[in-house]
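Reading the structure
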Amino acid sequence: MLNPADLPSTFIHPETSSGPAQISIQNFNLWYGKSQALHAINLPILQHEITSFIGPSGCGKSTLLRAINRLNDLIDNVTVDGDIRVGERSVYERHLDVTSLRKRIGMVFQKSNPFPMSIYENVCYPLRVSGITSRATLEEAVETSLRSSALWDEVKDRLKRSALDLSGGQQQRLCIARAIAGNPEVLLMDEPCSALDPISTAKIEELILEMKGRFTVVIVTHSMAQASRVSDHTAFFYLGRLIEAGPTKRLFENAHCKATQDYISGRFG
Amino acid sequence: MFSFGSKQSDSQGANQAPQPAVLFKTTVRIRSRAANNATEGVPWIWVCAGALVTILLLIAGLFGVILSQGLSALWPHQVIKIQSENALVLGIPMRQEEGTDPNTNARQIRSLVYQANRDFGVNEFAFVSVERLVESERPSDVWFAERREWGPFLGRIQSTEGSGVAADVDPKTLPAMLLRGAERSKQLLDIEKGALADLNTKIEDLRLDKKSLERQLEAGAISDNEANTRFSIVESQLASVTKDHLALSTQVQELRTVDEAIKITLLADNGQTKTLPVSQILRVFQPNSLNWIDRLGIFFSRLWGFVSEEPREANTEGGVFPALFGTVAMTIIMTVFVLPVGVMTAVYMREIAKQGTLVSLVRIAVNNLAGVPSIVYGVFGVGFFCYTVGASIDQLFFQEKLPNPTFGTGGILWASLTLALLTVPVVIVSTEEALSAVPRSLREASYGCGATRMQTLWNIVLPKALPGVMTGLILAMARAVGEVAPLLMTGVVKLAPALPVDSHFPFVHLERSFMHLGFHIYDLGFQSRSTELSRPMVFASTSLLVAVVLSLNFIAIKIRSQLRKRFEGRGAF
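1. What about the sheet that holds strand S1 (residues 80-84) of chain B?
Residues and elements named next belong to chain B. Read from one edge to the other, the open sheet built from five strands follows the order S4-S3-S2-S1-S5, with strand pairing classed as antiparallel. Edge positions in the sheet fall to strand S4 (125-129) and strand S5 (133-137), since each of these pairs with one other strand and no more. Neighbour-to-neighbour, the strand axes of the sheet open up by a mean angle of 40°, direction not taken into account.

Right, here's the structure in full:
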């Protein structure tokens, strides 16, 4: 176990910092009330690649993910410092329309959370809240996103049925379909498989791999195996600090920091 | 377990020396079972179950008494003729009780008999001492007649039709006579309540037009010339309408004369007779020569009459339709007001306002409002709604009718608003609870899709909270339907001349006073001529009120479970 004082400063492998960054996190700090959850995070997230956040519970990886689409705004007493840019614009810009920012960023949550509506309406939701009412557009978007999330064949005959009738894995894939229905630039996934059985997990991992090249995917995961299977880049967090970020292969085979090596090899965490 | 243990020790004791360990084990088991009973709280479970059973029995008893008494009021009971030492009584036995003989001052068991025939010089109720009873019989040829006026009649029915000499009517021809009479009176009623009432409304409207013109002329809003032309128009209209009215009244008079010429004679047991138009009689039967099917037929026909007809004889007879209608209409109007106001308040407090001391204080205040006695709301309702808001509306829109108030007095709208005020805390509290129970993950999902706060609230949070809101509404309705005290001041009346909804423009008359089952019960039970006479109606009305409450609740619960089903999957949209 390491003390905060003993933590090494962030090490970012050059492969991860070169190339076009879709999201760049710059000296970002975050406090819940008086306790600091994130300490001076600096991290570029490359466009159209898959980046996973790993680290033990409470290390701030989910908090950082929620800072990207400002979902932390819903919690009272959160203060931030530093900057996160998605594309060219800062998400903490003063007059930014948060809803338009969130429309550019899809999000999938730890526990599947379909709305108590029909399957069709669930997938339509991001478009409906953007004011799209054209039936043809909606139907096309529903089909495309359900096909992308490999759910179309299973549900095409019961689009008007309640989404809550689906199985757990189907519900999570529906949530993925919903997240990508608005055609976002970024897809944030907060431990999307932690509540699923291995077969559903495999299906979703397959989906994530297919997303590569279309979206910039950021995935928070507790499973080292999952990170190594799906991600191009991995960032390791510990005690609210970013310890090391780099290509997944490098991190898993030959990490620069000892803390990273220890965590990945299961010596703590 | 004990027997098993001892058997084991016996069998082992037969083979070898008794093993103290086995005996020891047995006793330990017994002890531990007693100890388990105590620690698992078995006595407490019995106490709680006992409490539940007591309450259930009380409720069942309450419903049983109300329902049996109420339905018995509509049942065609048998008639007995009792010859006692000092009197001859013909009537329906009501109950037996212990009382004091007014002559001898001795205690006696006596039977209360309903003799009817109020207008034949007979006491409606007679006490017959059971001990001094000489003989009793059930005469099969006695008629029981329900009349439009003077209450029921018991005795013989004679007719002069055909022969010209009074003779007992043929039981077979009587129903047809009554039917023709009913048709005649229906025809009369249709004209009086239909065309004639329309003409009356028209005359009243024209009179108000005239008054309004006078007022405008006084205020100088219109010129003399214009006023004169308009006056003459109104006058000519009034003249033509009055002519129509006169013609129709004459027609009604003629019909009535024809109707009253067809008569029937009632002969009471004491020899008195009374001759009256056939159409005055609503229903006749011979209670002692009915079979079960006839009885059931009469029972259901009376039941239908009870819920569908207007009351007669100062509410002690006839139906309770206006009261039933008023109760349901008032509850619906109240719901229309209480639901949006309560839900919006709760949404503001829970979803929009910043949670802090002020919101907490408001929340406490709302909770306390739910505990304010209902009569206080009644006083507020009459002071604020009737005399302040209503009087202002009259000043602005109904000046012609002043000094007669339109909205400036009790009415169904004000009563409903008062009850809405009374029940809004319940809706607020339960809506708030329902809102706070909406899972955070659903809100996050909606925000994550780029929805605004209002979109999230409207599309996700409110629909999800709806079953909880319905729970609040059910509680509110249940409380409102049974509430009488605030209504006494805000518009309930013993007998309303017209329903709040009719065929005259604007069809819904929210300013009208109305009848209410709860008040009806109070009025029957405590304000009527004879409590003994109105007792059956009290129970019948009470049964109906309970039925209304239960069915309103049932409908709301059905809607709620439908909503729940939707939010837990299973089902199409």
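What follows continues from the structure just given.
2. Observations regarding the sheet that holds strand S10 (residues 233-238) of chain A
All names here are of chain A. Pairing in this open sheet of seven strands is mixed, and the strands run S1-S11-S10-S4-S9-S8-S7 from one edge to the other. The sheet terminates laterally at strand S1 (11-12) and strand S7 (105-108), the two strands that pair on one side only. Here S10 pairs with strand S11 (residues 241-247) via six bridges, running antiparallel. Pairing of Ala-235 across the sheet is with Ala-245, part of S11.

3. Things to note about the nonpolar core
By size, the foremost hydrophobic cluster in this structure holds 147 residues, and its most contacted members are Ile-68, Leu-187, Leu-188, Val-217 and Val-218 of chain A. When residues of this core are assigned to their parent elements, the largest contribution, 15 residues, is made by helix H10 (residues 412-436) of chain B. If you look at the next biggest cluster of nonpolar residues, it comprises 26 residues, including Ile-80, Leu-154, Met-177 and Ile-281 of chain B.

4. Looking at the environment of Gly-518 of chain B
Residues and elements named next belong to chain B. Among the structural elements, Gly-518 can be located in helix H14 (residues 517-527). For Gly-518, a count of 23 C-beta atoms within 10 Å translates into the label buried. The residues touching Gly-518, leaving out its near neighbours within four places in the chain, are Gly-482, Val-484 and Leu-545.

5. Topic: the environment of Lys-565 of chain B
All names here are of chain B. Of note, Lys-565 is situated in helix H15 (residues 531-567). Accessibility expressed as a C-beta count within 10 Å gives 13 for Lys-565, which makes it partly exposed. Separated by 98 residues in the primary sequence, Lys-565 and Pro-467 place their C-alpha atoms 9.8 Å from one another.

6. A few points about the domain arrangement of chain A
Residues and elements named next belong to chain A. We note that the domain assignment places domain 1 (9-104 + 184-258) and domain 2 (114-183) within chain A. The C-alpha-based centres of domain 1 and domain 2 are spaced at 25 Å. The partner domain 2 presents 13 residues to the 12 residues of domain 1 that form the contact. Here the side of domain 1 that touches domain 2 gets four residues from one element, more than from any other, and that element is helix H8 (residues 198-211).

Reading the values: rules and limits
- Residues numbered from 1 in each chain as written.
- Chains lettered and ligands numbered in written order.
- Predicted model: local features only at pLDDT ≥ 70, side-chain atom pairs only at ≥ 80, totals over all residues.
- Pairing = 2+ DSSP bridges.
- Helix = DSSP H or I, 4+ residues; strand = E, 2+ residues; numbered from the N terminus.
- Axes fitted to C-alpha atoms, helices over the stretch in contact; angles between N-to-C directions.
- Core = buried A, V, L, I, M, F, W, Y, C linked by C-beta atoms within 7 Å.
- Buried ≥ 20, exposed ≤ 12 C-beta atoms within 10 Å, placed from the backbone.
- Contact = placed C-beta atoms within 7 Å.
- Domains from an automatic or database assignment.

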